[in-house]
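Chain and residue survey
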Amino acid sequence: MKVYISVDMEGIAGVATLDQVVRGGHGYERACALMTEETNAAVRGAFDGGATEVVVSDSHGTMDNLLHERLDARARLVFGRPRGFCMAEGLTEEHDLALFVGYHAPAGARGVLAHTFSSHFLGVRVNGEDASETSVNALFAATRGVPVGLVTGDDVICDLAQTLLPGVVTAAVKVAHGYSATSTLAPSVARDLVQTRARDAVRRADRMRLAPVPDSLRLELDLPNVLAAEMVSAVPGTTRIGDRTVARDIASADELLGLVTVGFTLAHVALLERNVLVRGH
């Protein structure tokens, strides 16, 4: 039984503020420790449930947040960026189940630190529906024949996951009280919950259902400014459908993740360029 675990930071117990999730913030090192220990809980649960191999993907920000020397030595780690499949890098047809740990609500939702792949995206839609990292990565996993068995994070993303993925196991380790406010379980309690739910998900792997894969995909990105929209619309096949919105008909989940990665990279460059121009005046 091969299990893939994608780990983000915003949905980890004890994390709620921007200074925790941005490298250089005074709470960042503490958040990395919390993220590492909650990851270990998921790894323990996976092995308790019958996993024989576990791959962990560090999927937050710079994708180099987990404290390697404190990570469960039984797990193999994928980390660093850029990488072609973003948060799902390393997920292949060889895996039997995927677990999403520390995930969060999509851009525009009321969840803790809600966004979709990047704060540079004001909105992300797939086939006209608001998309989350959970929905996009679950779609990617489904194209590999891999169901998602567990989603952990705040109450908002857990509720959305249960609607998107019937039968999925969830673990709400905190309740959203605002964009950067929460009521959280104690980290030790959250870890026990995550370990138990991961074990249960792996034990039920053969009953988990794949996320639905539409016959066609259309991606829309709402970008932070006009310059970013201009830059992303220069990607072949991408059209500008609004002042700050671009769209593209997508052939596959692979291509979708690729355009997401290129999109937030170009948006970042556009924001840096605009800041330079503003300072120049």
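Residues numbered from 1 in each chain as written. Predicted model: local features only at pLDDT ≥ 70, side-chain atom pairs only at ≥ 80, totals over all residues. Heavy atoms only, no water.

With respect to the pairing of strand E10 (residues 217–222)
Most of E10 sits out of view: five of its six residues are buried. Looking at chain direction, E10 and strand E12 (residues 245–250) are connected through six bridges and run antiparallel. What sits directly across from Leu-217, in E12, is Ile-250. (Buried < 20%, exposed > 50% of the residue type's maximum accessible area, 1.4 Å probe, protein only. Helix = DSSP H or I, 4+ residues; strand = E, 2+ residues; numbered from the N terminus. Pairing = 2+ DSSP bridges.)

Let's talk about the pattern of salt bridges
For the structure shown, the criterion picks out 13 salt bridges. Here Asp-200 makes a salt bridge to Arg-199, at a shortest N to O gap of 3.0 Å. A residue is classified by how much of its surface remains accessible, and Asp-200, at 23% relative accessible area, is partly exposed. By relative accessible area, Arg-199 is classed as partly exposed at 26%. Between Asp-206 and Arg-207 there is a salt bridge, with the nearest N and O atoms lying 4.0 Å from each other. For the pair shown, Asp-206 and Arg-207 are each scored as exposed. Residues participating in the shared-partner salt-bridge network are Arg-125, Arg-218, Glu-220, Asp-222 and Asp-249. (Salt bridge = Lys/Arg side-chain N within 4 Å of Asp/Glu carboxyl O.)

Considerations on the sheet that holds strand E9 (residues 181–184)
Spatially, the seven strands line up as an open sheet ordered E3-E2-E1-E4-E7-E8-E9, and their pairing is mixed. Each having just a single partner strand, strand E3 (75–78) and E9 make up the two edges of the open sheet. Strand-to-strand, the axes of this sheet are offset by a mean angle of 20°, without reference to chain direction. For strand E8 (residues 169–178) and E9, the ladder comprises four bridges, and the chain directions are antiparallel. (Axes fitted to C-alpha atoms, helices over the stretch in contact; angles between N-to-C directions.)

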